[in-house]
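The residues making up each chain are set out below.
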Amino acid sequence: MHELYMELFNKLGIPEIFGEITWPIIPFVCVAALLIIVVLFLVLMERKVLAWLTIRKGPNRVGPFGFFQTIADAIKLLIKEDIMSKDTNKILFTLAPMIVFAPIMVIYGLMPFTEKFVAINLAAGLFLVFALSSLTTVGIVLAGWASNNKYSLLGGMRSAAQAISYEIPLIISVLSIAVISETLNLSDIVDAQSGGISYNILLNWNIFSWNIWPAFIGFIVFFICSIAEVNRIPFDLPEAESELVSGYNTEYSGMKFALFFLAEYSALFIISVLMVTLFMGGYLSPFNGYLSNILFQNIIHNQIILNIFVHFEQAFWLLAKTYFVILIIMWIRATLPRLRADQLMTFSWKFLLPLSLLNLTIVAIVKYLLNTGNI
Amino acid sequence: MYISGYGILIAFIMFSFAFAAAALILSFIVQPKAPGKLKENTYECGMKPFGDSRIQFDIKYYLYALLFLIFDIEAVFLFPWAVSYNKLGLFALVEALIFIGILILGLVYAWKKDALKWQ
């Protein structure tokens, strides 16, 4: 991609330096387009899935199967009047949705969607993901405080308490992944999960070397904590509609509300991608090697075209696994009631935290025994 | 490639904020503006809002914040150990386990002192 872009500048006769400076715009535009398409689809999917689970029809008026419903909603939110109550802190009130949304967009750049589609490939990728995702909490607290509304303040404070309580089990369960694959680079973590456990047929499938098997307790903890981190039922206390009137976004309307909404759904998608990347082999196929290599190698002899097929297949596997995880999260939303505030905190500190520490200890000891050949 | 790695990260952070700001500015241009006295009131389920909502907040939130700091720093300390696990060997493994053990003791202490109880 970079070479193609530079070639374009050479052909137009513009000095190369401009090309080098403007280069980061290209990956950003790709990531932004991905984010918007994903969110537009995800909102529709959530409404459809919830409707089917409760035997309703869901949106079905705008376009075929209500396909353009979210676009219509987005346009509506864009041209809505933005009401700001007179007691709010105007600057912080405007800044808060941006602080909530922007870090999540950066996390999209850090994720390996396929082997090649990684906008920012850094050695400390995993670390940065958590650093950026905790920035979102700051925005939510800011929104609650700036609104000068009792519901918003309660929602913001609850959100902060919840986010910090569930972040610790989350990070400690991820530590076990760092122990297993010995790197924080997300692409390398995915690569470390390929190859299977043996050279025998069937046992060399990638599915057997996913991190979910050695760190199964960690996966359970990560799954629960990630639902809590994106504030979804049964952990949606910060925006409990029935008691806090949507919590921190009570006072928000128009585009500012849309940014919160966008952040919520893009966070749901990206945390599922993270879960798949860390525990379920990311963009790797569950089999030994890629299907397109096996199916087309006798038909297509051009390696470049075959590589393009593999590229799309990687994206397909990642999206298939991610949407499977998202489907389960939506299913949980339709099934479970909301927790109480005290249950929420107790569950994290007295159950998930010891469990994640246990997982880390087990993984570390078992890895040592495997290295020395005692098992 | 002049801009790579952390340079792209910084560019991404700036672009993301610009993206959010652009969305707000675009909506500011196209939206109708019809301010009204009642519209600008704080929403409180239709009642007249009373008092300021920026009050002193419950101490229990700060207690959790303190606990969070302790365990978060623990996690930060453990990351370098986890990344170079094979190079460090048995000695570091035992040390890390002792470190985790001390923190579990701290958790048990907080538990017994009822610091984890949401009142």
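Definitions and limits used
- Residues numbered from 1 in each chain as written.
- Chains lettered and ligands numbered in written order.
- Predicted model: local features only at pLDDT ≥ 70, side-chain atom pairs only at ≥ 80, totals over all residues.
- Helix = DSSP H or I, 4+ residues; strand = E, 2+ residues; numbered from the N terminus.
- Rg over C-alpha atoms; globule rule 2.2 N^0.38 Å.
- Buried ≥ 20, exposed ≤ 12 C-beta atoms within 10 Å, placed from the backbone.
- Contact = placed C-beta atoms within 7 Å.
- Nonpolar A, V, L, I, M, F, W, Y, C, P; charged D, E, K, R; others polar.
- Axes fitted to C-alpha atoms, helices over the stretch in contact; angles between N-to-C directions.
- Parallel < 35°, antiparallel > 145°, perpendicular 65-115°, else oblique.
- Left-handed = near helix turned anticlockwise from the far one by under 90°.
- Domains from an automatic or database assignment.
- Expected span 1.5 Å × (residues − 1).
- Core = buried A, V, L, I, M, F, W, Y, C linked by C-beta atoms within 7 Å.

Our focus in this paragraph is the overall build of chain A. Regarding its fold elements, chain A presents 14 helices and zero strands. Whereas a compact globule of 375 residues would reach a radius of gyration of roughly 21 Å, chain A reaches 22 Å, a difference of no more than 12%. Considered along the principal axes of its C-alpha atoms, chain A spans approximately 65 × 60 × 45 Å. Looking at chain A as a whole, 48% of its 375 residues qualify as buried. In chain A, the proportion of contacts linking residues at least 24 apart, taken out of those at least 6 apart, comes to 74%.

Once that is clear, we can look at the overall build of chain B. A tally of helices and strands in chain B yields three helices and zero strands. From first element to last, N terminus to C terminus, chain B shows the α and β order α-α-α. Across the 119 residues of chain B, 18% fall into the buried class.

With 57 residues of chain B in contact, the opposing surface of chain A contributes 67 residues. Where the side of chain B that touches chain A is concerned, the elements lending two or more residues are helix H1 (6-30), helix H2 (60-83) and helix H3 (85-112) of chain B. In terms of residue count, the dominant contributor to the side of chain B that touches chain A is H1 of chain B (17 residues). Looking at the side of chain B that touches chain A residue by residue, the classes come out as 43 nonpolar, eight polar and six charged.

On to the packing of helix H3 (residues 25-53) of chain A against helix H4 (residues 69-78) of chain A, then. All names here are of chain A. As a packed pair, H3 and H4 sit with axes 8 Å apart at the nearest point and diverge in direction by 110 degrees. When the interaxial angle is binned, H3 and H4 end up roughly perpendicular. The two elements H3 and H4 meet at a crossing, and its hand is right-handed. Residues Leu-40, Val-43 and Leu-44 of H3 form the contact with H4, whose participating residues are Gln-69, Thr-70 and Ile-71. Looking at the contact of H3 with H4 residue by residue, the classes come out as four nonpolar, two polar and no charged.

All names here are of chain A. According to the domain assignment, chain A consists of domain 1 (1-79) and domain 2 (80-372). On the side of domain 2, 18 residues touch domain 1, which itself brings 18 residues to the contact. Secondary-structure elements contributing two or more residues to the side of domain 1 that touches domain 2 are H3 and H4. Counting residues per element, the side of domain 1 that touches domain 2 draws most heavily on H3, at 12 residues. For the side of domain 1 that touches domain 2, a count of residues per class yields 15 nonpolar, one polar and two charged.

What follows covers the domain arrangement of chain B. In many reports, interface size means the accessible area that the parts give up when they come together. Segmenting chain B into domains produces domain 1 (1-32) and domain 2 (57-119). With centres defined by C-alpha atoms, the gap from domain 1 of chain B to domain 2 of chain B works out at 37 Å.

Inspection of the secondary structure puts Val-141 of chain A in helix H6 (residues 125-146). With near-sequence residues (within four places) excluded, Val-141 of chain A lies in contact with Gly-156, Ser-159 and Ala-160 of chain A.

Further remarks concern helix H11 (residues 254-279) of chain A. Residues and elements named next belong to chain A. Here H11 contains 26 residues, and its C-alpha end-to-end distance of 38 Å stays within 8% of the 38 Å for a straight helix at 1.5 Å per residue. Of all the 26 residues making up H11, 24 are buried; the element is thus mostly covered by neighbouring parts of the structure. Gly-281 sits one or two residues past H11 and shows a positive phi near 75 degrees.

Right, let's get into the nonpolar core. Formed by 128 residues in total, the largest nonpolar core has its most connected members in Phe-101, Ile-107, Val-174, Leu-175, Leu-259 and Ile-270 of chain A. Among the elements that take part in this core, helix H7 (residues 150-181) of chain A stands out by supplying 19 residues, more than any other. In contact with Leu-175 of chain A, other than residues within four places in its own chain, are Leu-360 of chain A together with Ala-75, Leu-78, Phe-79 and Ala-82 of chain B.

Checked against the element boundaries, Pro-32 of chain B lands in the loop between H1 and H2. Separated by 62 residues in sequence, Pro-32 of chain B and Val-94 of chain B place their C-alpha atoms 65 Å apart.

Residues and elements named next belong to chain A. Not every positive phi belongs to a glycine, and Ile-55 is a case in point at roughly 50 degrees. Take Ile-55: it is sitting in the loop between H3 and H4. C-beta crowding within 10 Å serves as the criterion here: with 6 such atoms nearby, Ile-55 is assigned to the exposed category. With phi around 55 degrees, Asn-231 is a residue other than glycine that occupies positive phi space. Residue Asn-231 is classed as buried on the basis of its 24 C-beta neighbours within 10 Å.

Here we take up the packing of helix H5 (residues 90-110) of chain A against H11 of chain A. Residue and element names in this part refer to chain A. Interaxial distance between H5 and H11 falls to 9 Å at its minimum, and their mutual angle equals 30 degrees. The pairing of H5 with H11 is recorded here as roughly parallel in orientation. For H5 against H11, the interelement crossing comes out left-handed. The residues of H11 that touch H5, namely those facing Pro-97, Met-98, Val-100, Phe-101, Ile-104, Ile-107 and Tyr-108, are Lys-256, Leu-259, Phe-260, Leu-262, Ala-263, Ser-266, Ala-267 and Ile-270.

The subject of this paragraph is the environment of Ser-181 of chain A. Residue and element names in this part refer to chain A. For Ser-181, the location among the structural elements is in helix H7. C-beta crowding within 10 Å serves as the criterion here: with 21 such atoms nearby, Ser-181 is assigned to the buried category. C-alpha of Ser-181 to C-alpha of Thr-22: the two residues are 159 residues apart in sequence and 35 Å apart in space. Sequence-distant contacts of Ser-181, that is, excluding residues within four places in its chain, are made with Asp-188, Ile-189 and Ala-192.

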